[in-house]
Amino acid sequence: MSRIPRAFIDELIARTDLVELVGARVPLKKQGREYTACCPFHAEKTPSFYVSPQKQFYHCFGCGAHGTAIDFLMQHDNLDFVEAVEELARQAGMEVPREAGDRREADTHAPLIAANEAAAARFEAHLRRHARAVDYLKARGVSPEVARDYRLGYAVDTRDDLLRALTPDHGEATLAAAGLTTRREGGRPYDRFRGRLMFPIRDGRGRVVGFGGRLLGDGTPKYLNTPETPVFHKGHLLYGLFEARRARTRLETLLVVEGYMDVIALAQFGLRNAVATLGTATTRDHLERLFRVVPRVVFCFDGDRAGGEAAWRAVEQALPVLRDGREVRFLFLPQGDDPDSLVRREGPEGFQARVRDAKPLSDTLLDGLAQRHDTSSREGRATLGQTAAALLRPMPPGLLRSQLAADVAHAAGVSPERFEQQLEPDTPHAKPPPSATPPRRPPRRPGNLQRLTLTPVRLALSLLLNRPDLAARVADTAWLRELQTPGADLLAQMLETLHAHPHLTPAALVERWRDSEAAPHLLKLAQWQPPPAEEATPEQLLEDALGRLRHRHARQRADALLKAAGERPLTEEEKRMLQELLSRPAP
């Protein structure tokens, strides 16, 4: 999580009206004290999605989606945490502050971003005035609307167009640091991009951080990218991802194609869910970024040998990040076709049908293993098993890995149990590749909220999450820190937080634990409705819950003293304390 001050998050949540935020995207209908709608996160006919204006939470009783205003933007608008905070801040008319480290980084990066944005604007202006570039786009069937949405541009074929236009405002050093200019040793600087159709590459916040340029005349290289800079990293960025997220609020599938024009061609036919790597093979970081947006990724590769090899490399990168709930498929294009030619010939419906029928990663893996090893011999099958074990070992445990392991075991001619042993980390030659990254734990969604067992800790936490003002009634929390009961320490932390910040709203209170293991449990409790108690007020319910916990604390202290008495004589003070503890009535 970016280092945004906690106090700012508190104020931002307090200023945000969740009903207004959700209502701008989903038709809400008032029902009692809450608002309801058909859930935007899964298909349903009967509304099960509720928004609470009092708590500033939303919850779907159908699919379990739930959270605060930040969560809603992350889920509905496909934003990451920082992007969601920035969007809420924009709507509230607030500026997102940064802590010292982030401010220094932002100050360093801001001039590079500004220079790239200025270059993009100049390239866009040139495109409208140069028939050579316009004619090329017309010949490729690109409409003005698609060119506008993807901010296509043209770099004129001169050595110093950007230098002359941008140096007065940005300086030669900044243009060079942004990768917009270059120079030969001992020579004068000149524009890096000349005579090229320009594809601005944007980060997750929509800022231009670099470019890809396609040469329109003769020469090499045909495609040229911005070099690595502090804001442009080819192994992290994906062309078209920002535009895909902006075009559709709910994405289920992203297509990974080879080139920038493939992305543009598919967008021209209404398929705005395509992205392209920046002249590099797909990395695990690329895949993690894709899976933060969608559950399904489909690679489009040529149907020739080179396409098969590219698919195998994608399999190797995908397996370590492929856990249950994530899906990778491969669309192998007919010989001689690329996405552009295929969508023109078969139309968007035909292309989408091919996407739906794309080959699962599991089949691609098994076919690739069979092609690379002689399965007719024991030696070949053994080598196949070793290769597969090295590939599956970094994969997160789950049903998919178990199914793949069973299929590989069959192909290798061994039992599933024997093959599973090869996946253990302490197996000889079982070290994962150095580039393997630990899988991120998938977020857990709550089940039926009414099935929670009522405990004093859960009741107290639920009451505080609904009525933070109740914390003022509890003065002492030290005893809770001593209580050996699950959740007691969390309850003490919440009470202490509310003592220090008595004006926190329920949603802001949950946000305090966003990055902790307690976060999903607190969100669950925030939506929980405990069984009703006749004529009991929230104040009385909290007092009763804490009374039961105090009694449990007293029993634990008494047990500790009785145990000590069996090992040594108790002091007079300990005897007095034990007598007092044992005489306390049960609540």
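Described in the following lines is the structure provided in the data block.

Criteria and thresholds
- Residues numbered from 1 in each chain as written.
- Predicted model: local features only at pLDDT ≥ 70, side-chain atom pairs only at ≥ 80, totals over all residues.
- Heavy atoms only, no water.
- Helix = DSSP H or I, 4+ residues; strand = E, 2+ residues; numbered from the N terminus.
- Expected span 1.5 Å × (residues − 1).
- Bend = angle between axes of the 7 residues up to and from the residue.
- Buried < 20%, exposed > 50% of the residue type's maximum accessible area, 1.4 Å probe, protein only.
- Contact = heavy atoms within 4.5 Å.
- 1 Å grid on protein atoms, 1.4 Å probe; cavity = no way out; pocket = protein on both sides within 12 Å on 5 of 7 lines; lining within 4 Å.
- Points joined across faces, edges and corners; volume = space filled by probe spheres on them.
- Nonpolar A, V, L, I, M, F, W, Y, C, P; charged D, E, K, R; others polar.
- Pairing = 2+ DSSP bridges.
- Axes fitted to C-alpha atoms, helices over the stretch in contact; angles between N-to-C directions.
- Salt bridge = Lys/Arg side-chain N within 4 Å of Asp/Glu carboxyl O.
- Phe/Tyr/Trp six-rings, centres within 6.5 Å; stacked < 30°, edge-to-face > 60°.
- Lys NZ or Arg CZ within 6 Å of the ring centre and 35° of its normal.

Comments concerning helix H14 (residues 339–356)
Its 18 residues place the ends of H14 only 15 Å apart at the C-alpha level, less than the 26 Å of an ideal helix rising 1.5 Å per residue. Residue Gly 347 marks the point of greatest curvature in H14, where the axis turns by about 115°; the proline Pro 348 follows within four residues. Taken as a whole, H14 has its buried residues at Pro 339, Asp 340, Leu 342, Val 343, Gly 347, Pro 348, Phe 351 and Val 355. Contacts from the buried residues of H14 go to strand E12 (253–257), helix H11 (260–268), strand E14 (296–302) and strand E15 (327–333).

Thoughts on the layout of surface pockets
Taking a probe equal in size to a water molecule and rolling it over the atoms shows the remaining empty space. Computed from the structure, the second largest pocket encloses a volume of approximately 770 Å³. Contributing to the lining of the second largest pocket are 31 residues, with Val 257, Glu 258, Gly 259, Asp 262 and Thr 277 lying nearest its centre. Mapped onto the lining of the second largest pocket, the elements with two or more residues apiece are strand E11 (223–225), E12, H11, E14 and helix H13 (305–318). Each residue belonging to the lining of the second largest pocket can be placed in one class, and the counts come to 15 nonpolar, 7 polar and 9 charged.

What about the sheet that holds strand E1 (residues 29–31)?
The strand order across the open sheet built from 5 strands is E1-E2-E3-E4-E5, with neighbouring strands paired in antiparallel fashion. The open sheet has two edge strands, E1 and strand E5 (66–67), and neither has a second partner. Relative to strand E2 (residues 34–37), E1 runs antiparallel, the two sharing 3 bridges. Residue pairing for E2: Lys 29 is matched across the bridge by Thr 36. Here helix H23 (residues 519–527) sits on the sheet in contact with strand E4 (57–60) and E5, set at roughly 90° to E4.

Some points on the pattern of salt bridges
The final tally for this structure, using the stated rule, is 30 salt bridges. In this structure, Arg 122 and Asp 161 form a salt bridge, with 2.9 Å as the shortest nitrogen-oxygen distance. Residue Arg 122 is located in helix H5 (residues 100–129), and its partner Asp 161 is located in helix H8 (residues 161–170); the two are separated by 39 residues in the primary sequence. Asp 160 is paired through a salt bridge with Arg 164; the nearest N and O atoms lie 3.3 Å apart. Where salt bridges share partners, they join Asp 337, Arg 345, Glu 346 and Arg 354 into one cluster.

Digging into empty space enclosed by the protein
Per the counting criterion, the structure on display carries 1 cavity of 30 Å³ or more. If you trace the largest cavity, you find it lined by Ile 13, Thr 16, Leu 18, Gln 56, Thr 68, Ala 69 and Ala 507. Class assignment of the residues belonging to the lining of the largest cavity gives a composition of 4 nonpolar, 3 polar and no charged.

Some words on the packing of aromatic side chains
If you walk through the whole model with that rule in mind, you get 17 aromatic pairs. Centroid distance Phe 41 to Phe 49: 6.3 Å. Interplanar angle 65°. Geometry classified as edge-to-face. Residue classification places Phe 49 among the buried positions, given a relative accessible area of 0%. When the ring of Phe 49 is compared with that of Tyr 58, the centres are 5.7 Å apart and the planes differ by 35°; the resulting orientation is tilted. Residue Phe 49 shares its accessibility class with Tyr 58, and that shared class is buried. What links up through ring pairs into an aromatic cluster is the set Tyr 150, Phe 199, Tyr 223, Tyr 239 and Tyr 260. In this structure, Lys 30 is placed above the aromatic ring of Tyr 35, and the distance from its NZ or CZ to the ring centre is 5.6 Å.

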